[in-house]
Amino acid sequence: MHAPRTAAAGRTASPATARLINDRLALQLLQSEGPLTAGQLKTLTGLSRPTVADLVERLQEAGLIAVVGESGAQRRGPNARLYGIVADRAHLVGLDLRTHSVTVAVADLLGEVRDERTVPIGPDDAPDTAVATALAVVDKALAAAGAHHPHTIAVGAPGLVDPATGRLGGTDWIPSWHVALVGELRARRASVLLENEVNLAAIAEQRDGAARDHDTFVLLWLGHGTGAAVVLDGTLRRGTSGGTGEIGFLPVPGTAALPSASGCDGGFHSLAGSAAICALAAEHGLSAATGAGPGTANTPSSEADADAPPAEAVVRAAVGAGEAGAAFLDALAARIALGVAAVCAVLDPGCVVLGGEVGCGGGEELAGRVAGHLARLSPLRTDVRAGTVGGRAVLRGAVLAARDAAQDELFTPGG
């Protein structure tokens, strides 16, 4: 194989750079395809047999890959060794911070979750108590996963995350224990990534969910509040201050006032936030219990749903609840379409995913109605889809973000 050429100058890469490129290519294939033989790596990479042999030796010495089995166990003759990434080379932690709960997942280097658990945070708990509770559940999850020290921790939290400083802020309503917890995690000498929760949910939908076939899309978050994440050409966009997607402040028709710099009351939040959805449901004679039987809409699916907005149960109950349910869903869809139309007029993303507890709860029934209203508001063709990752979208996105960061470091010589 010819030596790789640099994209910037078109010159032949140095031997060290060529080795790095080849190693990363092999590791990416082992990540996506699973265990492979040296022969399969040769075929998939196009590298020569000696080059593959060298990179396999290097990656084994670095502790990144190991022999995990043999191929052709059912045929006669010598079997080829199967090489796979050493998943326990590093452990990752993902956290989903809510107002009244913390959910933590511990995963291996491949992103496979080894332990997951949720702990409630009392509304009257002092910040120090809340931080201690959160740290304790992290430690328990690490112990259960057999991990002594996490390599990378990714935290999803509501609020603005400054892209320049990586610090949380910008809004007065963020629980103070969120900021304190991030500080304590960073003091543990692990690499800590802090990201807005909706942005992490978008990562999950892009990798594992409804947006897998789109490099450009917008995730509209519908839960306690409203928010959006913007992915353009495969890249998550955060904005100068981390405020990309603060759609709750979007001025829209149908509200009694306008939003202000100090609050989103009067903006899109006033139409599609949890309280507004519950009020709309009441106007249609619906409640969370409407049409719900044991273990259905008004029953949280797990401890992590302790923070789920009442609107989620209302929307789930309305799906299939007859004429009243259909009328409510249509009215809600008309409201949501106002925000979606504004986003499409500016970004033209081609695809909008309805996420959050409400978006996922409404499913394709709600998404289809939003698409119908949007078609009457906008000339731009836009595919409206229901999120499919579900209530674990933020947590899954945190694990994926931690995995990417850890692999970027470990898959580089000296990492």
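- Per an unreviewed UniProt entry, the chain goes by Transcriptional regulator and derives from Streptomyces caniferus.
- Here the chain is described in UniProt, under the heading Sequence similarities (unreviewed entry), as follows: "Belongs to the ROK (NagC/XylR) family."

## Thoughts on the sheet that holds strand E3 (residues 81–85)
- Pairing is antiparallel in the open sheet, where three strands are placed in the order E1-E3-E2. Of all the strands in the sheet, the pair left with one neighbour each is strand E1 (36–37) and strand E2 (65–70).
- Here E2 pairs with E3 via five bridges, running antiparallel. Bridge pairing links Ala 66 to Gly 84 in E3.
- Sitting on the sheet, helix H1 (residues 15–33) touches E1, E2 and E3, and the angle it makes with E3 is about 95°.

## Remarks on the environment of Ala 371
- Within the fold, Ala 371 resides in helix H11 (residues 356–377).
- The spatial distance from the C-alpha of Ala 371 to the C-alpha of Val 352 is 9.5 Å, given a sequence separation of 19 residues.

## What to know about the sheet that holds strand E6 (residues 113–120)
- Strand order in the open sheet formed by five strands is E6-E5-E4-E7-E10, and the pairing between neighbours is mixed. Across the chains shown, the open sheet's two edge strands, defined by having one partner strand only, are E6 and strand E10 (191–196). With strand direction ignored, the average angle separating the axes of adjacent strands in the sheet is 15°.
- Two elements, strand E7 (residues 152–157) and E10, share six bridges in a ladder whose sense is parallel. Its bridge partner lying in E10, Ala 157 is registered against Asn 196.
- Strand contacts of helix H4 (residues 127–144): strand E4 (91–97), strand E5 (101–108) and E6, with the helix running at about 155° to E6, the strand carrying the most contacts.
- On the sheet, helix H6 (residues 197–208) packs against E4, E7 and E10 and is oriented at approximately 95° with respect to E10.

## Remarks on helix H10 (residues 322–347)
- End to end, H10 covers 36 Å across 26 residues, agreeing with the expected 38 Å (1.5 Å per residue, within 8%).
- In the stretch just after H10, Asp 348 is the one whose phi turns positive, near 45°.

## Let's talk about the nonpolar core
- With 43 residues, the main nonpolar core has Ile 65, Phe 217 and Leu 219 as its most contacted residues.
- The set of elements that each furnish at least two residues to this core consists of H1, helix H3 (49–61), E3, H6, strand E11 (217–222), strand E12 (226–232), strand E14 (351–355) and helix H12 (393–410).
- Counting residues per element, this core draws most heavily on H12, which supplies eight residues.
- Ignoring anything within four residues of it in the chain, the contact list for Ile 65 reads Leu 27, Leu 30, Val 56, Leu 59, Gln 60, Tyr 83, Gly 84, Ile 85 and Val 86.
- With 37 residues, the next largest nonpolar core counts Ile 247, Val 314, Val 315 and Ala 367 among its residues.

## A look at the pairing of E3
- Within E3, four of the five residues are buried, which leaves the element mostly enclosed by the surrounding structure.
- Where E1 and E3 come together, two bridges link them in antiparallel fashion. Across the sheet, the residue bridging to Thr 37 is Leu 82, located in E3.

## Structural notes on the confidence of the model for the chain
- Mean pLDDT for the chain: 88, with 88% of residues reaching 70 or above.
- pLDDT under 50 marks residues 1–10. Its contacts with residues more than four places away, or in other chains, come to 15 contacts.

## What to know about the side chain of Thr 226
- Of note, Thr 226 is situated in strand E12.
- Every residue in contact with Thr 226, bar those within four places of it in the chain, is listed here: Trp 221, Ile 247, Gly 248, Phe 268, His 269, Ala 272 and Gly 273.

## Notes on the side chain of Arg 385
- Summarising the element assignment, Arg 385 is placed in strand E15 (residues 383–386).
- A relative accessible area of 18% means that Arg 385 is categorised as buried.
- Within polar-contact distance, the side chain of Arg 385 engages the side chain of Asp 213 at 2.8 Å.
- Of the polar contacts made by the side chain of Arg 385, one reaches the side chain of Asp 383; its length is 2.6 Å.
- The residues contacting Arg 385, other than those within four sequence positions of it, are Ala 210, Ala 211, Asp 213, His 214, Cys 351, Val 352, Val 353, Leu 354 and Ala 367.

## Side note on unusual backbone geometry
- The backbone phi angle of Asp 233 is positive, close to 50°, even though this residue is not glycine.
- Structurally, Asp 233 is set in the loop between E12 and strand E13 (235–237).
- Classification of Asp 233 by relative accessible area gives exposed; the value is 64%.
- At Asp 348, a residue that is not glycine, the phi angle is positive and equals roughly 45°.
- Among the secondary structure elements, Asp 348 is positioned in the loop between H10 and E14.

Calculation rules
- Residues numbered from 1 in each chain as written.
- Predicted model: local features only at pLDDT ≥ 70, side-chain atom pairs only at ≥ 80, totals over all residues.
- Heavy atoms only, no water.
- UniProt positions renumbered as here; feature names shortened; annotations may be inferred.
- Pairing = 2+ DSSP bridges.
- Helix = DSSP H or I, 4+ residues; strand = E, 2+ residues; numbered from the N terminus.
- Contact = heavy atoms within 4.5 Å.
- Axes fitted to C-alpha atoms, helices over the stretch in contact; angles between N-to-C directions.
- Expected span 1.5 Å × (residues − 1).
- Core = buried A, V, L, I, M, F, W, Y, C linked by side-chain atoms within 4.5 Å.
- Buried < 20%, exposed > 50% of the residue type's maximum accessible area, 1.4 Å probe, protein only.
- pLDDT = per-residue confidence, 0-100.
- Polar contact = N/O pair within 3.5 Å; in protein donor to acceptor, adjacent residues only side chain to side chain.

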